[in-house]
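Inside the fold
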Amino acid sequence: MKKFDTLDFIPTISDSEEDVPDLDLSDEELGSSVVVNTTNHKEQKKGLTKNKNKNREELDEDVHEDINTDFTFHLDDSNQYDTKFDGWNFDGDNDDNGTNNDKKDVDLDKIIRRKGGLIKMAHIESDNDDDDEKEKDSEEEPEAHQDKDEDDDELAMDGFGMGAPINASENESDEDENENSETDSNQDYTSISGDDDVDDKGIDEQEDNEEDEEDDSAEAKAEFYAPETEGEEAKQQIHKTFNSLSLSRPVLKGLSQLGYVKPSPIQSATIPIALLGKDIIAGAVTGSGKTAAFMIPIIERLLFKPSKIASTRVVVLTPTRELAIQISDVAKRIGKFVSGLTFGLAVGGLNLRQQEQALKTRPDIVIATPGRFIDHIRNSASFNVDSVEILVLDEADRMLEEGFQDELKEIMTLLPGKRQTLLFSATMNSKIKQLVSLSLKKPVRIMIDPPKQAASRLTQEFVRIRKRDHLKPALLFSLLRELDPQGQRRIVVFVARKETAHRLRIILGLLGMSVAELHGSLTQEQRLDSVKKFKSLEVPVLICTDLASRGLDIPKIEVVINYDMPKTYEIYLHRVGRTARAGREGRSVTFVGESSQERSVVRAAIKSVEDTNKTNNNSGRALGRNVNWSKVEEINSLVDKSKDVVEEILVEEKEEKEILRAEMELKKGENMLKYKDEIQARPKRTWFQTEAEKKNAKVLNVLAKQKKTVNSKKRKREEALEVGGRLYKKTQKDRIKDQLRSQRGKKSGKSGKKKGKK
């Protein structure tokens, strides 16, 4: 594959159908037939149009003289540097999020205050409580606040994966190792070995399931994917600066303003391949800069787009609204100095009419969630996807799950067949059968890090609950107060259900602790408000479902707590990946029950740490955390006393919601009477799926799963029959049946000929 250290020509997007490469052709035919628009950067800046008929050799010489691979881009005005950069914004397309600021919501904190909560931290008397907290504060202060005085731009490098060392041990000093060992000796931990408190049967079942999922044969992979050498060569190319990637000056200027100079491994490998227009399936650990890895080449190609006709050329699909809003902000910052570059956001929860107006202008890049994207294609005038040439699926493995299958199928039928498709995820291990529906054309597979490995500087702690599930709320409060008595650390708590998150917020509020919640039952305004408060440390604790486990890049999350154990190790990786990002240290604490499923996740985490420690002595730790259960019991007595108050708060909140809903319906009726003619004149909206249809689809998927054959050989045989092939070896019985069948066919053929002669 060609080296890209001195790449002089950038493939660009064109309006002409003749210039669009036929991706079905072979590499030789493609190389001889594709017409690529190329622009010399120096000529572009000066606006020169001379010497267009120069042959390629002369043009190459000119470019080589102009490009200095050691050049570092600096802004003319140092004041333009964003020195107070504190992470990506969650503002949507405009300052007011496209919403009505007068819209009312129930103030839950106000209700909790009326019931006597959120006044001060509940104090559980203990002889050595104060002394222990003082000692713990003095011990943890260097680690917890070591980055306190650093520039904020260093705290928010997660979007680009800056500062993440390829080998953590290379950047560790002997003093750091000694400090870590001393800290460990002072903490209340027990070591976890591969056999302690783990059900072997659970992990064995998981390994068997993983083996069953590996249905793709070597022949199938060779036929579907591009040669492995392409991905390996891409990974071997290490670029020390963005300048060596031969990016244009406006893109380099945007990266320079953000303070980014060195590309992360995933960026270094994927940007040159993406600039060639090839399909990519990429995987790298969370926090490694995947968003910029696909956004930089997209903006680079759009830099040379024809400016005469406005059309949407790029679509980025994400599973969650917050991730879409974050990607939109990343793209705008990178493309800040690219003139004429436009963006559109199509996500649920924000103002539909304002999104329609933005999409009518046919922005170059549209970042969307699948459901709202289909809605706009069907119902928004002047918006179409006929000119889309690049499709990106962020968190692709989540997008390929059953919840998005119907939407993806619909989108694939609407998008043009000739396009570039880019798939990115931290745990990208989908089967070929799932990928076929995306119409990929010999995708290059680039996996930078092991797909099932946590961050290198993450300390994973596990608390065995045994039969104390009723103590979990009290345990959470005790742990939060122990880890962060001053409320200066960002802590994310993951739960399995929306109801659990809401109830925990009320319980912790009654105990005097202010927390935020993030889940699907909140309005989009409430969700964005929770993220903003958490990001600004107005609220240090965010209780959320797996809605926030993917992609969200909030700087300096120091602790992740798994209140409810995730169902799979992949989900566990996404959760704990919210901390220990961009080479920084982080901690996760997981509450582990007695089920084999939960223990299998723990075993997988321990096994991963042990495997990585064989090659990297300081790549992470897995520890058991001891708990003072008598202290937790004391806190639980307070929780038990507040049960009736919790129910009263829930009832009062429900009543206030009903009042607001009645007021909204009244306002709606008034508008209907006032603007009746105008409302009735609007065309009726059509829907891809109603709420009832979505529920039915989920029920059918669950039933299909229950009917799924347990025996792996039978399941493979059934899947083979579905696709019209055979994935299992013929047995002697099969061969005898085939022989008998062929003999019968011959006999029936002979008898038919005899009858015809008569």
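Residues numbered from 1 in each chain as written. Predicted model: local features only at pLDDT ≥ 70, side-chain atom pairs only at ≥ 80, totals over all residues. Heavy atoms only, no water.

Focus on the UniProt feature "coiled-coil region" (unreviewed entry) in the protein
What counts, and what does not: UniProt positions are given in the numbering used here, feature names are shortened, and annotations may be inferred rather than shown by experiment. Strands are runs of DSSP state E lasting at least two residues, helices are runs of H or I lasting at least four, and both sets are numbered from the N terminus onward.
The feature "coiled-coil region" (unreviewed entry), as given by UniProt, occupies residues 643-672 in the numbering adopted here. Secondary structure content for residues 643-672 is 100% helix and 0% strand, while the C-alpha to C-alpha distance between its ends is 43 Å.

Description of the pairing of strand S13 (residues 557-562)
When a strand is regular, its side chains alternate between the sheet's two faces. Quick note on the threshold: We call a residue buried when its accessible area falls under 20% of the maximum for its residue type, exposed when it is over 50%, and partly exposed in between, using a 1.4 Å probe and counting protein chains only. In this scheme, strands are said to pair when DSSP sees at least two bridges between them.
The buried fraction of S13 is high, at six of six residues. Judged from the five bridges that link them, strand S10 (residues 490-494) and S13 form a sheet pairing that is parallel. Following the sheet pairing, Val 493 is matched in S13 by Ile 561. Alignment of S13 against strand S14 (residues 586-592), held across four bridges, turns out to be parallel. By the bridge assignment, Asn 562 is partnered in S14 with Thr 590.

A closer look at unusual backbone geometry
Here Lys 442, not a glycine, exhibits a phi torsion of approximately 45°, which is positive. Topologically, Lys 442 is positioned in the loop between helix H19 (432-435) and strand S8 (444-447).

Quick look at the pattern of salt bridges
The condition that has to hold: Salt bridges are identified by distance alone: a Lys or Arg side-chain nitrogen within 4 Å of an Asp or Glu carboxyl oxygen.
One pass over the full model with this rule turns up 28 salt bridges. The partner of Arg 114 in a salt bridge is Glu 656, and the shortest N-O contact between them spans 3.2 Å. A residue pair is termed long-range when its members are at least 10 positions apart, and Arg 114 in helix H4 (residues 108-114) and Glu 656 in helix H26 (residues 643-674) qualify at 542 residues. Assessed through its relative accessible area of 26%, Glu 656 is described here as partly exposed. Here Glu 482 makes a salt bridge to Arg 625, at a shortest N to O gap of 2.6 Å. Taken together, the positions of Glu 482 in helix H20 (residues 472-483) and Arg 625 in strand S15 (residues 621-625) put the pair 143 residues apart, joining distant regions of the chain. Residue classification places Glu 482 among the partly exposed residues on the basis of a relative accessible area of 30%. The buried category is assigned to Arg 625, whose relative accessible area is 8%.

A few points about helix H12 (residues 265-275)
What counts is decided by this rule: Pairs of residues are marked as contacts when any of their non-hydrogen atoms sit within 4.5 Å.
Buried residues dominate H12, accounting for 10 of its 11 residues. The secondary structure elements touched by the buried residues of H12 are helix H10 (228-236), strand S2 (280-283), helix H13 (290-302), strand S7 (420-425) and S8. Where H12 terminates, the next one or two residues include Gly 277, which has phi positive at roughly 85°.

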